[in-house]
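# Fold and geometry: a report
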Amino acid sequence: MPKVSEGEVAFVRRAIELACTAVGDGHHPFAAVLVSSQGQVLFEGTNLVAKSGDPIDHAEVNTLRSAYRMHGLGSIIGAALYVSGEPCTMCAGMIVRFGISRVVFAAPESVLISLWKPTAGFKSYPSAKVFQAAGSAIEVIGGVLIEESKKPFELYHSQLTAREPTRTS
């Protein structure tokens, strides 16, 4: 695995913390942190699908869209994105289109699926092929802090369980 600095581990950990906060706010357990090539945090975002009802309100999309509006494309090109879990193919495409040079994520899709427990009919479309299409323009590193990345999903499922009505005989 390519080298990940202590600072990058801290950004992945921040994404995981944001994912936990998102769950507490009633959202899905995903988050992202965008950092410019100069080391400035441009934006932190979470997945808002559960409350917005918009199926593309993913953490990466919200982070890139908001950073673009605040800082412009020039600040985003060459930036690094730190994510609590492997981006989906939609987000991977957006990451490539925005010119992100490095993506570092915690849980790979195989772990995410076991944690997320998607509904019947879910289809897996790993982001690796999208990132491969970008060639050497983007470096992708996954599997950072896998054990810590499980916490937002555990919180999410414990909240779901708490909201389920109990049966009485």
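The rules behind the values
Counting starts from 1 at the beginning of each chain's written sequence and moves along it residue by residue. Selection of residues for local features in this predicted model requires a pLDDT of at least 70, selection of side-chain atom pairs for listing and counting requires 80 or more, and totals for whole chains, interfaces and linings are taken over all residues. Based on all heavy atoms of the structure, the side-chain values leave hydrogens and waters out of the count. For helices the rule is a DSSP run of H or I covering at least 4 residues; for strands it is a run of E covering at least 2, with both sets numbered from the N terminus onward. Three exposure classes are used, based on accessible area relative to the maximum for each residue type with a 1.4 Å probe and protein chains only: buried under 20%, partly exposed in between, and exposed over 50%. Contacts are residue-level and defined by heavy atoms, with any inter-residue pair within 4.5 Å sufficient. Only the protein chains shown count as cover for residues, with accessible areas throughout obtained via the Shrake-Rupley method and a probe of 1.4 Å. Side-chain atoms within 4.5 Å are what join buried Ala, Val, Leu, Ile, Met, Phe, Trp, Tyr and Cys residues into a set we call a nonpolar core. Here a patch means residues that are over 30% exposed by relative accessible area and free of salt bridges, tied together within 9 Å if like-charged and within 5 Å if nonpolar (Val, Leu, Ile, Met, Phe, Trp, Tyr). What makes a salt bridge here is a side-chain nitrogen of Lys or Arg within 4 Å of a carboxyl oxygen of Asp or Glu, nothing more. His is not counted here, nor are the chain ends, while Lys and Arg score as positive and Asp and Glu score as negative. Within 3.5 Å is the distance limit for a polar contact, defined as a pair of N or O atoms, with the added protein rule that one can donate a hydrogen and the other accept it, and that residues adjacent in sequence qualify only through two side-chain atoms. Strand pairing is defined by DSSP finding a minimum of two bridges between the two strands. Fitting a line to C-alpha atoms yields each axis, with helices limited to the stretch in contact; the angle taken between N-to-C directions then spans 0 to 180 degrees.

Summing up its helical and strand segments, the protein has 9 helices and 5 strands in all. Mapped in sequence order, the helices and strands of the protein form the string α-β-β-α-α-α-β-α-β-α-α-β-α-α. Considering the protein as a whole, with its 169 residues, one finds that 43% of them fall into the buried category. Counted over contacts in the protein with a minimum sequence separation of 6, partners at least 24 positions apart contribute 63%. As presented, the protein carries roughly 8900 Å² of accessible surface, and 55% of it is formed by carbon and sulfur atoms.

Our focus in this paragraph is unusual backbone geometry. Backbone geometry places L145, a non-glycine residue, at a positive phi of 60 degrees. Assessed through its relative accessible area of 18%, L145 is described here as buried.

On to the nonpolar core, then. With 27 residues, the main nonpolar core has L34, L64, I76, L81, I95, I100 and V103 as its most contacted residues. Of all elements in the fold, only β1 (31-35), α3 (59-71), β3 (80-85), α5 (89-97), β4 (102-107) and α6 (109-116) reach the threshold of two or more residues within this core. Not counting residues up to four positions away in its chain, the partners in contact with L64 are L34, I76, M94, I95, F98 and I100.

What follows is about a nonpolar patch on the surface. A cluster of nonpolar side chains, contributed by Y68, L73 and I77, occupies part of the molecular surface with about 290 Å² of accessible area. For I77, the location among the structural elements is in the loop between α4 (73-76) and β3.

Moving on, we come to the side chain of E86. Tracing the backbone through its elements, the reader meets E86 in the loop between β3 and α5. Buried charge without a salt bridge: E86, with K129 as the nearest opposite-charge side chain at an N-O distance of 12 Å. Within the structure, E86 has its side chain in polar contact with the side chain of S127 (distance 2.8 Å). Excluding its chain neighbours within four sequence positions, the residues that come into contact with E86 are F105, A107, P108, E109, L112, S127 and A128.

Bringing the side chain of S36 into the picture now. Take S36: it is sitting in the loop between β1 and β2 (41-46). For S36, a relative accessible area of 7% puts it in the buried group. Aside from chain neighbours lying at most four places away, what touches S36 is L42, S75 and A79.

All right, on to the sheet that holds β2 then. Strand order in this open sheet of 5 strands is β2-β1-β3-β4-β5, and the pairing throughout is mixed. The sheet is open, and its two edges are formed by β2 and β5 (139-141), each paired on a single side. Taken over all neighbouring pairs, the strand axes of this sheet differ in orientation by 15 degrees on average, direction set aside. Relative to the sheet, helix α1 (residues 6-24) contacts β1, β2, β3 and β4, its axis offset from that of β1 by approximately 140 degrees. Against the sheet, α3 makes contact with β1, β2 and β3, and its axis sits at roughly 145 degrees relative to β2, the strand it touches most.

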